[in-house]
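# Chain and residue survey
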Amino acid sequence: MNHLLKYTLRLGDNALILGQRMSEWCGHGPFLEEDIAMANSALDYVGRARLLYTYAASIDSVKGRDEDFYAFRRDEAEFENLQICELPNGDYAFTILRQFLFDHYCVLVYRALSRFDKPSDQLPGLAAKIVKESSFHLARSTKWVQRLGLGTIESNLRMKRALEELWGYTREFFDYDETDRSMVSIGACPEKEKLRFDWSNLVEKVLFDVSLKLPESKWEANGGRQGVHTEHMGKLLAEMQVLQRRYPSLSW
Amino acid sequence: MVKNMEKIGQFERKIAEEEKIEPKDWMPDKYRSSLIRQISQHAHSEVVGQLPEGNWITRAPTLRRKATLLAKVQDEAGHGLYLYSAAETLNTSREEMWDALLDGSAKYASIFNYPTPTWADVGAIGWLVDGAAIVNQISLCRTSFGPYARAMERICREESFHQRQGFEIMQTLAKGSEEQREMAQDALNRWWWPTLMMFGPHDAHSMHSQQSMKWKIKRQSNDELRQQFIDQTVEQADHIGLTIPDEKLKWNEERGHYDFGEIDWGEFERVLMGHGPCNQSRLQARQKAHEKGAWVREALSVYTAKEKRGDFKIMEREAVNE
Ligand SMILES: [Fe+2]
Ligand SMILES: [Fe+2]
């Protein structure tokens, strides 16, 4: 598989798997307005996955694949999303903090992709649209981090706990492999150290301002890019793919 | 006393002349309380209505269906929001209405107390339940209370999307494999009668109907609306080759309507009294979300109060000084 295809599918997998998690909140949010807002973001993520998969199908050397092939007919090891996306939702602090950490990663990654100089290709334009969306998501999740970080003692405590749990998974953002390096070399992906610097800068400032200290734990997740997943992934896929697996090759 | 008579006269004149009653206008207490009851029930139905279809968001069979379903369930939450706002213009609060939903004292549409075991149920709900809701809501666009009528107009536009999407799901299944066809027919069998019950008891037995009709809160009777729904849906079922589970269903040339079998009013009463298959789980889902969200709402309100007081500006300045 060529690097561009692999990279696109990874982005698509991130979007779909996190979108799937976010969609679990629909109908169960903490209040009505937030239920709607979270569903809206989930829709953006699912929509993003569809765009990326459809693009991937157009460059896949195996013809006849489509968005649903990638979503429903691949096995766990073929999904190369970052593990942070597949973790169960936890409480609202966990959900919001994950969005915040991940939205910022998205803004930086898609911004680089949108500047990828390949005029005949639709990918940069697609990425530019996603940057806009992600900037909006980031503004929203940043506001929520402030609310929960500075709200009550309980909300602050929950945010602390969420940060402890999530931090090691963010290390995967910077766990570049050959595909990422190849994308860096054509200017479609941020340099690893640059990404780490830009991401940490903003994230640490926002967290500091809401009196959340960075965890000391040195544990780091790894392997998502190579199709290695947490124990949660199999269940997520079993649920998501159930109809396509049970009744193969039908129209729905 | 004279003044009161004058007010009543004015109110009744407005109703007679099809002028909308607005929140600032004088209105009889009973008119107000009937509206609060009806609009809040309607709002509750939208948010409880998120649950049966929400059950399939994570399992939708294609990404297109997943996106459409998610958007649909989100629309229903939005409808809830418009309706709570419309009810709030009558001097009640969202909290009050929400509490009544959670403690079980307020009603919502019984239809949502039925389960969604298969994907075809998502199609059946869109096609039949949203279809029935539209018939009812189009009629309510002419209701006498302004904010309710306007909420209905907005909602009707979205409901017709929902109905078409649901119909399309059923059509796809009906044209599909044998298993898919069976799935679709089975869903129609289960949803048909409960959908007819959505229009409420026969006119002769309807508790609130007469006064509501007089005040033009309701514009058409339960039986009229039910008939209208049946007439339009029979043809749609024929079109996709599914069979409506009613042996007595037959075109009546003389009436210009379909005749149909008797609804099981015993079942209607049972579900209404809380003994439907999902009454308990629907209410629990709402209570659980509310309880789990309590600390979030609390944090939000504390944060907003601090922000208003300017606490965070002081912090920012201190941070700069450091
Ligand atoms: Fe609705
Ligand atoms: Fe609807």
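Residues numbered from 1 in each chain as written. Chains lettered and ligands numbered in written order. Predicted model: local features only at pLDDT ≥ 70, side-chain atom pairs only at ≥ 80, totals over all residues. Heavy atoms only, no water.

## Observations regarding the coordination of the iron ion (ligand 2)
All names here are of chain B. Which entries qualify depends on this criterion: Only N, O and S atoms count as donors, using a 2.8 Å limit from the metal and a wider 3.2 Å limit for Na, K and Ca, and since water is excluded some coordination spheres may look unfilled. Strands are runs of DSSP state E lasting at least 2 residues, helices are runs of H or I lasting at least 4, and numbering of each runs from the N terminus. For every residue, the accessible area obtained with a 1.4 Å probe (protein chains only) is divided by the maximum for its type, and the residue is called buried under 20%, exposed over 50%, and partly exposed between those limits.
Taken together, the protein ligands of the iron ion (ligand 2) are Glu76 (OE), Asp130 (OD), Glu159 (OE) and His162 (ND1), with distances of 1.9 to 2.2 Å. Here the donor residues for the iron ion (ligand 2) map to a single chain with the spacing E-x53-D-x28-E-x2-H. Taken as an interatomic distance, the gap from the iron ion (ligand 2) to the iron ion (ligand 1) is 3.4 Å; Glu76 donates to each of them. Of this pair, Glu76 sits in helix α4 (residues 63-88) while Glu159 sits in helix α7 (residues 146-174), and the two are 83 residues apart along the sequence. Neither Glu76 nor Glu159 differs from the other in exposure class; each is buried.

## Comments concerning the coordination of the iron ion (ligand 1)
Of the protein atoms, only Glu46 of chain B (OE), Glu76 of chain B (OE), His79 of chain B (ND1) and Glu159 of chain B (OE) coordinate the iron ion (ligand 1), at distances of 2.0 to 2.2 Å. Of note, the iron ion (ligand 1) draws all its donor residues from one chain, in the sequence arrangement E-x29-E-x2-H-x79-E.

## As for the pattern of salt bridges
Heads up, the condition is: In what follows, salt bridge is the name for a side-chain nitrogen of Lys or Arg lying within 4 Å of a carboxyl oxygen of Asp or Glu.
Taken as a whole and assessed by the stated rule, the structure comprises 38 salt bridges over all chains. Between Arg21 of chain A and Glu24 of chain A there is a salt bridge whose closest N-O contact spans 2.9 Å. Judged by its relative accessible area of 28%, Glu24 of chain A is partly exposed. Among the salt bridges present, the one from Arg219 of chain B reaches Glu18 of chain B, with a minimum N-O distance of 2.8 Å. Residue Arg219 of chain B is located in the loop between α9 (209-214) and α10 (222-239), and its partner Glu18 of chain B is located in the loop between α1 (2-16) and α2 (29-48); the two are separated by 201 residues in the primary sequence. Arg219 of chain B gets classed as buried once you look at its relative accessible area, which sits at 17%. One network of salt bridges, in which partners are shared, links Lys6, Arg10, Glu80, Asp177, Asp180 and Arg225 of chain A.

## Considerations on the packing of aromatic side chains
Residue and element names in this part refer to chain B. Note the following rule: For this analysis, a ring pair means two rings from Phe, Tyr or Trp (six-membered ring only for Trp) whose centres lie within 6.5 Å, classed as stacked if their planes differ by under 30 degrees, edge-to-face if by over 60, and tilted for the remaining angles.
As enumerated under the stated definition, the model contains 27 aromatic pairs over all chains in all. Relative to Tyr31, the ring of Phe11 lies with its centre 4.9 Å away and its plane at 75 degrees, an arrangement referred to as edge-to-face. Within this pair, whereas Phe11 is found in helix α1, its partner Tyr31 is found in helix α2, the two being separated by 20 residues in sequence. Note on accessibility: Phe11 and Tyr31 belong to one class, buried. Ring geometry for Trp56 and Trp119: centres 6.2 Å apart, planes at 70 degrees, overall edge-to-face. In this pair, Trp56 is assigned in the loop between α3 (50-54) and α4 and Trp119 in the loop between α5 (94-102) and α6 (120-140), connecting sequence segments 63 residues apart. With a relative accessible area of 1%, Trp119 lands in the buried category.

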